[in-house]
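Residues per chain, in single letters:
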Amino acid sequence: MSEDRIKHKKLWQQLGCIKKKEVWIRASETLGLKVTQPKGGSSHYAIRFPGNESWDIRKGYICNVYDPVRKDISESIFKKLLDNGYIEDDIWKALKMLK
C-alpha cells in the first residue's frame with residue numbers, strides 16, 4: 001500500500017534496496033540524530049533525538065534499526081522520521097537517494 005504523505009513515489013519503491021543498517025545509521029546522523037547501542041553489545045541500534053541517549057525508551061526514542069533491513073523496516077523508519085517532523089526531501093538526501 002502506498003503512503004499518502006510521500007511525494008517521491010519512485011524513491012519510496014526503492015526503499016527495498018536498503019539492506020544494511022549502516023545506511024540508516026549514516027542517514028540518521030546526517031539528520032542530526034544520535035544512534036546508540038547497548039553497552040553489552042547488540043545487533044539493534046536505537047535512533048534518538050540528540051541529548052536523549054539514555055536507554056530509557058521513553059526519552060527521545062524514535063526507532064530501532066538492525067540487519068538485515070527489509071523494505072517494511074525501511075518504510076517504518078521513514079514514516080517515524082516524518083512523524084517526528086523531518087522533511088521528506090531531507091530524509092531522501094540523507095539516504096543519498098535525492099540530490
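A brief look at the structure comes next. (Residues numbered from 1 in each chain as written. Predicted model: local features only at pLDDT ≥ 70, side-chain atom pairs only at ≥ 80, totals over all residues. Heavy atoms only, no water.)

### Things to note about the pattern of salt bridges
Then comes step 1: Inspection of every chain in the model, using the stated rule, returns six salt bridges.
Then comes step 2: Asp67 is paired through a salt bridge with Lys21; the nearest N and O atoms lie 3.1 Å apart. Residue Asp67 is found in the loop between strand 3 (61-65) and helix 3 (71-83), and its partner Lys21 is found in helix 2 (residues 21-30); the two are separated by 46 residues along the sequence.
Then comes step 3: Judged by its relative accessible area of 12%, Lys21 falls in the buried class.
Then comes step 4: Several salt bridges share partner residues, and in doing so they unite Lys21, Glu22 and Asp67 into one network. (Salt bridge = Lys/Arg side-chain N within 4 Å of Asp/Glu carboxyl O. Helix = DSSP H or I, 4+ residues; strand = E, 2+ residues; numbered from the N terminus. Buried < 20%, exposed > 50% of the residue type's maximum accessible area, 1.4 Å probe, protein only.)

### Focus: the sheet that holds strand 2 (residues 45-48)
Then comes step 1: Ordered in space as 1-2-3, the three strands form an open sheet in which the pairing is antiparallel. Here the strands that pair on one side only, and so sit at the sheet edges, are strand 1 (34-36) and strand 3. Sheet twist, expressed as the average angle between the axes of neighbouring strands with direction ignored, equals 25°.
Then comes step 2: The sheet contact formed by strand 1 and strand 2 spans three bridges and is antiparallel. Residue pairing in the sheet places Val35 in a bridge with Ile47 of strand 2.
Then comes step 3: Each of strand 2 and strand 3 touches helix 3; the most contacted strand, strand 3, lies at about 165° to it. (Pairing = 2+ DSSP bridges. Axes fitted to C-alpha atoms, helices over the stretch in contact; angles between N-to-C directions. Contact = heavy atoms within 4.5 Å.)

### Examining helix 3
Then comes step 1: Spanning 13 residues, helix 3 covers 18 Å between terminal C-alpha atoms, matching the ideal 18 Å at 1.5 Å per step.
Then comes step 2: Every buried residue belonging to helix 3 is among Ile73, Ser74, Glu75, Ile77, Phe78, Leu81 and Leu82, and all of these are buried.
Then comes step 3: Packing partners of the buried residues in helix 3 comprise helix 1 (9-13), helix 2, strand 2, strand 3 and helix 4 (88-94).
Then comes step 4: Among the residues trailing helix 3, Gly85 stands out with phi positive, at a value near 95°. (Expected span 1.5 Å × (residues − 1).)

### Here we look at the pairing of strand 2
Then comes step 1: Burial of strand 2 is two-sided: the residues Tyr45 and Ile47 facing one way and the residues Ala46 and Arg48 facing the other way are all buried.
Then comes step 2: By the bridge criterion, four bridges tie strand 2 to strand 3 in an arrangement that is antiparallel. From the neighbouring strand, Arg48 faces strand 3, where its bridge partner is Tyr61.

### Remarks on the nonpolar core
Then comes step 1: Among the nonpolar cores identified, the biggest contains 26 residues, and Trp24, Phe78, Leu81, Ile91 and Leu95 are the most heavily contacted of them.
Then comes step 2: Secondary structure elements with two or more residues in this core: helix 1, helix 2, strand 2, strand 3, helix 3 and helix 4.
Then comes step 3: Looking at this core element by element, the count peaks at five residues for helix 3.
Then comes step 4: Sequence-distant contacts of Leu95, defined by excluding residues within four places in its chain, comprise Leu15, Ile18, Val23, Trp24, Arg26, Ala27 and Phe78. (Core = buried A, V, L, I, M, F, W, Y, C linked by side-chain atoms within 4.5 Å.)

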